[in-house]
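What follows is the residue order along each chain.
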Amino acid sequence: GQSLEQPSEVTAVEGAIVQINCTYQTSGFYGLSWYQQHDGGAPTFLSYNALDGLEETGRFSSFLSRSDSYGYLLLQELQMKDSASYFCAVRDNTGGFKTIFGAGTRLFVKA
Amino acid sequence: KAGVTQTPRYLIKTRGQQVTLSCSPISGHRSVSWYQQTPGQGLQFLFEYFSETQRNKGNFPGRFSGRQFSNSRSEMNVSTLELGDSALYLCASSDQASGGASGELFFGEGSRLTVL
């Protein structure tokens, strides 16, 4: 089967940098994506890494190491509005394509 | 372009009843995935449809079923409801299977089901 591990909660201060790690186990790995979800809202796509390395999109960056089955989301210059849940997700092709999500990391940004 | 639309947004059912949820994907998207979200459990994959065919199914009992129509709209059905089925049911669409090369899924606001 497939499994993903990420921390359940992270707390950081406004203006700081925070890194959310994700490790995964799957036999049909195609890529790792990240989603943000505010309370009561829909998950929204942040980034996708299919190849090793760092992808940067504004204040957010995402990294993937396929050999280590590991990735992370880096949030810089934290703002209060970044307080949300962040999910890593694996695009997997075991028995057909599907996207499997981790349990999510709740980020609290303090003033 | 309109986003993913899910109906109804909220519903309350009693144990033993059945429920049908609807999802209209973004125009042009042929892939629709369904997820169950409960507190602390993340998003649990239910199934994915692409061009009217179920391409993959998660680890849920047979009470959970779905289908996709020729216009890519999708429905999921839960029969013989149990208390544990109370959850937010999310639908996501993409132009290719499971997000394709971009990996991007577009989610609807969800249908919140409460089973009493």
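Not measured: the values here are computed from a predicted model.

### Regarding the overall build of chain B
Consideration 1: The helix and strand inventory of chain B stands at zero helices and eleven strands.
Consideration 2: Taken from the N to the C terminus, the helices and strands of chain B come in the order β-β-β-β-β-β-β-β-β-β-β.
Consideration 3: Its C-alpha atoms give chain B a radius of gyration of 13 Å, within 12% of the compact-globule value 13 Å for 116 residues.
Consideration 4: Split into buried and exposed, the 116 residues of chain B put 52% on the buried side.

### Quick look at the state of the cysteines
Linking two cysteines covalently via their sulfur atoms produces the bond known as a disulfide.
Consideration 1: Scanning all chains against the criterion turns up two disulfides over all chains.
Consideration 2: Each sulfur of the disulfide joining C22 of chain A and C88 of chain A lies 2.2 Å from the other. Linking C22 of chain A and C88 of chain A, the disulfide has an S-S dihedral of approximately 75° and is accordingly described as right-handed. Of this pair, C22 of chain A sits in strand β3 (residues 18-25) while C88 of chain A sits in strand β9 (residues 84-92), placing them 66 residues apart in sequence. In this pair, the class of C22 of chain A matches that of C88 of chain A, namely buried.
Consideration 3: Each sulfur of the disulfide joining C23 of chain B and C91 of chain B lies 1.7 Å from the other. The chirality of the disulfide connecting C23 of chain B with C91 of chain B is left-handed, given an S-S dihedral of about -40°.

### With respect to the interface of chain A and chain B
Consideration 1: Contacts between the two partners involve 21 residues from chain A and, on the opposite side, 23 residues from chain B.
Consideration 2: A combined buried area of about 1,600 Å² lies between chain A and chain B, and 52% of that area is made up of carbon and sulfur atoms.
Consideration 3: The tally of links between chain A and chain B comes to zero salt bridges.
Consideration 4: Scanning the region where chain A abuts chain B turns up eleven residue pairs in polar contact (both at pLDDT 80 or more).
Consideration 5: For the side of chain A that touches chain B, the secondary-structure elements that each account for two or more residues are β4 (29-37), β5 (44-49), β9 and β10 (98-101) of chain A.
Consideration 6: Tallying contributions element by element places β10 of chain A first for the side of chain A that touches chain B, with four residues.
Consideration 7: Partitioning the side of chain A that touches chain B into residue classes produces ten nonpolar, nine polar and two charged.

### Side note on unusual backbone geometry
Residue and element names in this part refer to chain B.
Consideration 1: Between T7 and P8 the backbone carries a cis peptide bond, its omega angle lying at -10°.
Consideration 2: Structurally, P8 is set in the loop between β1 (5-7) and β2 (10-13).
Consideration 3: Unlike most non-glycine residues, S51 shows phi in positive territory, near 50°.
Consideration 4: You can see S51 is positioned in the loop between β5 (42-50) and β6 (53-57).
Consideration 5: Exposure remark for S51: the relative accessible area of 32% places this residue in the partly exposed category.
Consideration 6: Positive phi, close to 75°, is recorded for E52, a residue that is not glycine.

### Observations concerning the sheet that holds β3 of chain A
All names here are of chain A.
Consideration 1: Strand order across the open sheet formed by five strands is β1-β3-β8-β7-β6, with antiparallel pairing between neighbours. Of all strands in the sheet, those with a lone pairing partner are β1 (3-5) and β6 (53-57), marking the two edges. Going from strand to strand, the sheet's axes swing by 20° on average, the running direction of each strand aside.
Consideration 2: Pairing of β1 with β3 involves three bridges; the strand directions are antiparallel. Bridge assignment links E5 to a residue of β3, and that residue is T23.

What counts and how
- Residues numbered from 1 in each chain as written.
- Chains lettered and ligands numbered in written order.
- Predicted model: local features only at pLDDT ≥ 70, side-chain atom pairs only at ≥ 80, totals over all residues.
- Heavy atoms only, no water.
- Helix = DSSP H or I, 4+ residues; strand = E, 2+ residues; numbered from the N terminus.
- Rg over C-alpha atoms; globule rule 2.2 N^0.38 Å.
- Buried < 20%, exposed > 50% of the residue type's maximum accessible area, 1.4 Å probe, protein only.
- Disulfide = S-S within 2.5 Å.
- Contact = heavy atoms within 4.5 Å.
- Buried area = accessible area lost by both parts, 1.4 Å probe.
- Salt bridge = Lys/Arg side-chain N within 4 Å of Asp/Glu carboxyl O.
- Polar contact = N/O pair within 3.5 Å; in protein donor to acceptor, adjacent residues only side chain to side chain.
- Nonpolar A, V, L, I, M, F, W, Y, C, P; charged D, E, K, R; others polar.
- Pairing = 2+ DSSP bridges.
- Axes fitted to C-alpha atoms, helices over the stretch in contact; angles between N-to-C directions.

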